[in-house]
Amino acid sequence: MNRRQDLTARNIPSAQDELGALGGHPDYDHPGSAYQLAFTDETFLLREELRPVRMQLELLKPELMQAEQGVQSTVVIFGSARILPRDLAEKQLAEAEAGSTSDAIRRARMQLDMSRYYEEARQLAKLITENTLQGGDPIYVVTGGGPGIMEAGNRGAHEAGGKSVGLNIVLPHEQHPNPYITPELCFRFHYFALRKMHFVMRSVALVCFPGGFGTMDELFETLTLIQTGKSRRRPILLFGREFWSRLINFDLLVETGMISPGDEKLFHYVETAEEAWSLLETEYELGGTPLL
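What you see is a predicted model; the values in this text were computed from it and never measured. (Residues numbered from 1 in each chain as written. Predicted model: local features only at pLDDT ≥ 70, side-chain atom pairs only at ≥ 80, totals over all residues. Heavy atoms only, no water.)

Trainee: Is there a simple way to think about unusual backbone geometry in this case?
Mentor: The general pattern is negative phi for most residues beyond glycine and trans for most peptide bonds. Positive phi outside glycine occurs at Glu-285, with the angle close to 50 degrees. Position of Glu-285 among the secondary structure elements: in the segment after helix H12 (273–284). (Helix = DSSP H or I, 4+ residues; strand = E, 2+ residues; numbered from the N terminus.)

Trainee: Quick question: what am I supposed to make of helix H5 (residues 86–97) here?
Mentor: Along an α-helix, residues three or four positions apart point the same way, because every turn accommodates 3.6 residues. When the terminal C-alpha atoms of H5 are compared, their 16 Å separation across 12 residues agrees well with the 16 Å that a helix rising 1.5 Å per residue should span. All of the buried residues along H5 are Ala-89, Leu-93 and Ala-96. The arc that holds every buried residue of H5, seen down its axis, measures 65 degrees, which confines them to one face. Contact partners of the buried residues in H5: helix H6 (102–134). (Expected span 1.5 Å × (residues − 1). Buried < 20%, exposed > 50% of the residue type's maximum accessible area, 1.4 Å probe, protein only. Arc of directions from axis to C-beta. Contact = heavy atoms within 4.5 Å.)

Trainee: I tried to follow the packing of H6 against helix H7 (residues 149–159) on my own but got confused; where do I start?
Mentor: Pairs of packed helices are described in terms of their axes, by the angle between the two and the distance that separates them. Following both chains from N to C, one finds H6 and H7 inclined at 35 degrees, their axes separated by 7 Å at the closest point. Crossing geometry of H6 relative to H7 is assigned as right-handed. Taken together, the residues of H7 that come into contact with H6 (itself represented by Tyr-117, Tyr-118, Ala-121, Arg-122, Ala-125, Lys-126 and Thr-129) are Ile-149, Glu-151, Ala-152, Gly-153, Arg-155, Gly-156, Ala-157 and Glu-159. Broken down by class, the residue content of the contact of H6 with H7 amounts to seven nonpolar, three polar and five charged. (Axes fitted to C-alpha atoms, helices over the stretch in contact; angles between N-to-C directions. Left-handed = near helix turned anticlockwise from the far one by under 90°. Nonpolar A, V, L, I, M, F, W, Y, C, P; charged D, E, K, R; others polar.)

Trainee: Help me understand the packing of H6 against H12, please; the structure alone is not making it clear to me.
Mentor: Following both chains from N to C, one finds H6 and H12 inclined at 35 degrees, their axes separated by 8 Å at the closest point. In this structure, H6 crosses over H12, and the sense of that crossing is right-handed. Here Glu-120, Gln-123, Leu-124, Leu-127, Ile-128, Asn-131 and Thr-132 of H6 lie close against H12, whose contacting residues are Ala-273, Glu-274, Ala-276, Trp-277 and Leu-280. Considered class by class, the residues forming the contact of H6 with H12 number seven nonpolar, three polar and two charged.

Trainee: So what exactly am I meant to see when it comes to the pairing of strand E3 (residues 164–169) here?
Mentor: Along any regular strand the residues' side chains alternate between the sheet's two faces. Burial analysis of E3 places six of its six residues in the buried class, which makes it a mostly covered element. Residues Ser-164, Gly-166 and Asn-168 line one face of E3 and the alternating positions Val-165, Leu-167 and Ile-169 line the opposite face, and both faces are buried. Note: strand E2 (residues 140–143) against E3, three bridges, orientation parallel. Directly across from Thr-143, in E3, lies its bridge partner Gly-166. (Pairing = 2+ DSSP bridges.)

Trainee: What's the story with the environment of Phe-213 in this structure? I'm lost.
Mentor: Within the secondary structure layout, Phe-213 lies in helix H9 (residues 213–227). Relative accessible area serves as the criterion here: at 75%, Phe-213 is assigned to the exposed category. A sequence separation of 134 residues divides Phe-213 from Gly-79, and the C-alpha atoms of the two residues are 9.9 Å apart.

Trainee: Help me understand the pattern of salt bridges in this model?
Mentor: Oppositely charged side chains can form a pair if their charged atoms are brought close together. Under the defined criterion, the tally for this structure stands at 13 salt bridges. Residue Glu-48 is joined to Arg-51 by a salt bridge in which the shortest nitrogen-to-oxygen separation is 2.7 Å. Residue class for Glu-48 comes out exposed when judged on its relative accessible area of 54%. Residue Arg-51 is classed as partly exposed on the basis of its relative accessible area, which comes to 34%. Between Glu-119 and Arg-122 there is a salt bridge; the shortest N-O distance is 3.4 Å. (Salt bridge = Lys/Arg side-chain N within 4 Å of Asp/Glu carboxyl O.)

Nothing here speaks to function; it is geometry throughout.
Encoded structure:
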């Protein structure tokens, strides 16, 4: 190193350098010793009093890594983890019809009917990825990282040759990441609240396919942020008018004064991937004007 390089050299070793240079100590390197460096001490980091630090880390890690990967604009795709791709649903129905009860056959037929949403989510992710990659201003698909509709979203982006994000969560019954998430963008969260922040922070649209409690939680979280002005407006697309209108009586909320007239227009019903993409394309003038 020459003298000019000395001017800009680190004055203090990095944490990584320091860690690499450490040797063991026969008297103090053992469980329960206070001698261990704080940032390598798992027992210390997992203390109850360190929750604010863990929450900060869970916000910061995905933030930094998405920025490094160039993720600026996203479309979030929510929906049930239980919806199957069409080929698997067809296989299950054939097996049920070969020797199961009438109730099992009914459930298998419903699974096959719902599988159309898997294929629509997969196609929408392809359309988003292909069209925005070509324009040089990519929009990345983000999902909750698991199976079902989440898998379909990551799968469509993968098949289109693009990156996609998976925001997994630790659950009592382990949720495994689907195989289509870009490895550098496959995250795992402990705190639901921090995961929800990352769903919203970069999103230019939210797409909700049929789902259960989790999907409704994420839908109403976003609707509330927009309704109250805590978040800017963005398209919210509900796939399947029949499903959503039977599930939630938005007109009743207006009639009883629980929401204001016009709040029911914070979202749009769509039926196909092409219809959803056309709406996004119009909303953001994606045919010509850059998104950002």
